[in-house]
Amino acid sequence: MVLAGEFVLGLLAGEELARAEADARFPAAVKVWQDRLMVLAETVPPATPPARVWAKISATISPRLAVRRRVWWLSGLAGAAIAAAVSLWLTQPAPPRDIATLTTTTAWRFDVQVSATALIISPEIFSVPAGKSAELWLIAPHQAPKPLGLLDAHAALAVARPHGTGLVLAVSLEPPGGSPAGLPTGPVIGEVMLTKL
Amino acid sequence: MDDAARAELTAALHRIAGGDRAALKFLYERTGAKLFGLCQRILGESAAAEDALQEVFLIIWHKAGQFDASHGSSPITWLAAIARNRALDYLRAGKRRFEDIDAAAEILDTRPGAEAMLETVERDQRLAACLNGLEPRAQNAIRAAFFGGQTYDSLARQAGTKLATMKSLIRRGLLQLRACLSHG
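Residues numbered from 1 in each chain as written. Chains lettered and ligands numbered in written order. Predicted model: local features only at pLDDT ≥ 70, side-chain atom pairs only at ≥ 80, totals over all residues. Heavy atoms only, no water.

1. Examining the sheet that holds strand β4 (residues 133-139) of chain A
All names here are of chain A. For clarity, the cut-off: DSSP-based pairing: two strands are paired if at least 2 bridges between them are found. What counts as a helix is a DSSP run of H or I of at least four residues, what counts as a strand is a run of E of at least two, and both are numbered from the N terminus. A fitted line through C-alpha atoms represents every axis, and for helices the fit uses only the stretch in contact; the resulting angles, taken between N-to-C directions, go from 0 to 180 degrees.
Here 4 strands make up an open sheet; going across it, the order is β5-β4-β7-β8 and the pairing antiparallel. With one partner strand each, in any of the chains shown, β5 (146-150) and β8 (188-193) form the two edges of the open sheet. With direction set aside, neighbouring strand axes in the sheet form an average angle of 25°. Sheet topology places β4 next to strand β7 (residues 168-174); 7 bridges connect them, and they run antiparallel. Of the residues in β7, the one forming a bridge with A134 is L173.

2. Some details on the interface of chain A and chain B
When the parts come together, some accessible area is lost, and that loss is often what is quoted as the size of the interface. Note the threshold: Note on contacts: a residue pair qualifies if any of its non-hydrogen atoms lie within 4.5 Å across the two residues. Accessible-area loss on putting two parts together, using a 1.4 Å probe and summing over both, is the definition of buried area adopted here. Salt bridge, as used here: a side-chain nitrogen of Lys or Arg that lies within 4 Å of a carboxyl oxygen of Asp or Glu. Whenever a nitrogen or oxygen atom comes within 3.5 Å of another N or O atom, the pair is scored as a polar contact, on the condition that within protein one atom can donate a hydrogen and the other can accept it, and that pairs from neighbouring residues in sequence are kept only if both atoms are in side chains. Three classes are used: nonpolar for Ala, Val, Leu, Ile, Met, Phe, Trp, Tyr, Cys and Pro, charged for Asp, Glu, Lys and Arg, and polar for all others, with Gly counted as polar.
Contacts between the two partners involve 41 residues from chain A and, on the opposite side, 53 residues from chain B. Surface buried jointly by chain A and chain B totals about 4600 Å² across both partners, of which 68% is contributed by carbon and sulfur atoms. Between K167 of chain B and E16 of chain A there is a salt bridge, and its shortest N-O distance comes to 3.8 Å. Linking chain A with chain B are 6 residue pairs in polar contact (both at pLDDT 80 or more). Of all the secondary-structure elements, those providing two or more residues to the side of chain A that touches chain B are α1 (2-8), α3 (26-37), α4 (39-42) and α5 (51-61) of chain A. It is α5 of chain A that provides the largest number of residues to the side of chain A that touches chain B, a total of 7 residues. Here the side of chain A that touches chain B is built from residues that sort into 25 nonpolar, 8 polar and 8 charged.

3. Details of the confidence of the model for chain A
Residues and elements named next belong to chain A. For clarity, the cut-off: Confidence of the predictor in every single residue is expressed as pLDDT, which spans 0 to 100.
Here chain A averages 80 in pLDDT, while 83% of its residues score no lower than 70. For the stretch residues 64-73, pLDDT sits under 50, and the model shows 31 contacts to residues farther than four places along the chain or on other chains. Considering only residues more than four positions removed or in separate chains, one finds that residues 80-92, a stretch of pLDDT under 50, has 6 contacts.

4. Things to note about the sheet that holds strand β2 (residues 109-114) of chain A
All names here are of chain A. With antiparallel pairing, the 4 strands of this open sheet are ordered in space as β1-β2-β3-β6. If you trace the sheet from one side to the other, it starts and ends with β1 (97-103) and β6 (157-160), each paired once. Strand-to-strand twist of the sheet, defined as the mean angle between neighbouring strand axes without regard to direction, takes the value 25°. Relative to β2, β1 runs antiparallel, the two sharing 6 bridges. Residue pairing across strands places D98 opposite Q113, the latter belonging to β2.

5. Things to note about helix α2 (residues 21-43) of chain B
In an α-helix, one full turn covers 3.6 residues, which means residues spaced three or four apart are oriented alike. Residues and elements named next belong to chain B. Here is the rule: One less than the residue count of a helix, multiplied by 1.5 Å, gives the span that helix is expected to have.
In a regular helix each residue adds 1.5 Å, so 23 residues correspond to 33 Å; α2 covers only 28 Å between its end C-alpha atoms and thus falls short of that length. Its side-chain oxygen 2.9 Å from the backbone nitrogen of A22, D20 forms the N-cap of α2. Of the residues one or two after α2, G44 is the one with positive phi, at around 80°.

6. Some thoughts on the state of the cysteines
Chemically, a disulfide is nothing more than a covalent bond linking the sulfur atoms of two cysteines. Residues and elements named next belong to chain B. Rules: Note on disulfides: each one is a pair of cysteine sulfur atoms within 2.5 Å.
One pass over the full model with this rule turns up 1 disulfide over all chains. The disulfide bridge from C130 ends at C180, spanning 1.9 Å between sulfur atoms. In this structure, the disulfide formed by C130 and C180 twists by about -75° around the S-S bond and is classed as left-handed. One end of the pair, C130, is in helix α6 (residues 122-133); the other, C180, is in helix α9 (residues 163-183), and 50 residues separate them in sequence.

In structure tokens form, the structure reads like this:
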């Protein structure tokens, strides 16, 4: 089935493509041609990627603090000096309080909480979109959006507590791993203004 | 790629599917340069090639469970297909300017010597020998489509032939390739 070879080369379009895809044998034939033609890729000399590429991959797949609503306790610890840690035995930090709900046009919902040291964004209703990442941004008045991290369906995102008034949290859809530009490149699908922090 | 290397990559993909980050690092160390070479071949030495490689490994991180070795699939073929598709997506999205005529001419060049970098598996050598056995115009057009994400139209324009001529050139080439492979 030579059409499958043309498909792997990316040459099929329109009517020819529709005709090929209607054939039940097509997927298997594509796989065979994929194996045949992918040897072309093997003819390319390797090139060592710069170290920053792995650094970015590694940062993206790092495990996040996975226990919802206990994150505040850990974030309190992380920022504290030893003396403060000792005093935690006596007085634990106040638990975080709810300050906002962030909803999106895709009907996702996130709880936004604040503790003494952290801003915590917890997914209530959220699924990671296929082939995309959902990235969280902090926008201070008259300033460029600042990336806070990627939203994860299974973990709360905790960031250092920002301070100020008129702060906005926004979610945008980005390529996997987040915006390569440091600024939102995809559509902003939800935002919420925070009360004074 | 020899059988041991293939088994090693297959095992790494299984561990990645289970969320093993060290296995992803291992896979990156073993295949990153190869896949980056492929991204650069398609996108040039550009930031886009780096971004594409980064996304390739994030895709692998999420989709390693979909790799199925039970049907004799080669892990490197699977990985290379992901890298090629992602890099071509970038190319089509215009993140890199489309080939100018000089760059296209370079793509249409045969690249003697590059084949020497082939892995030593017999099957791969046979494929390479069969590709090299095609008439040069067909071989060049197939390479340009594979690495350039080009259409029949653009291939015909670059080669200065009619669309129908380009189509039959490539179809003939693919048929010849298939015949060559089945006669081994």
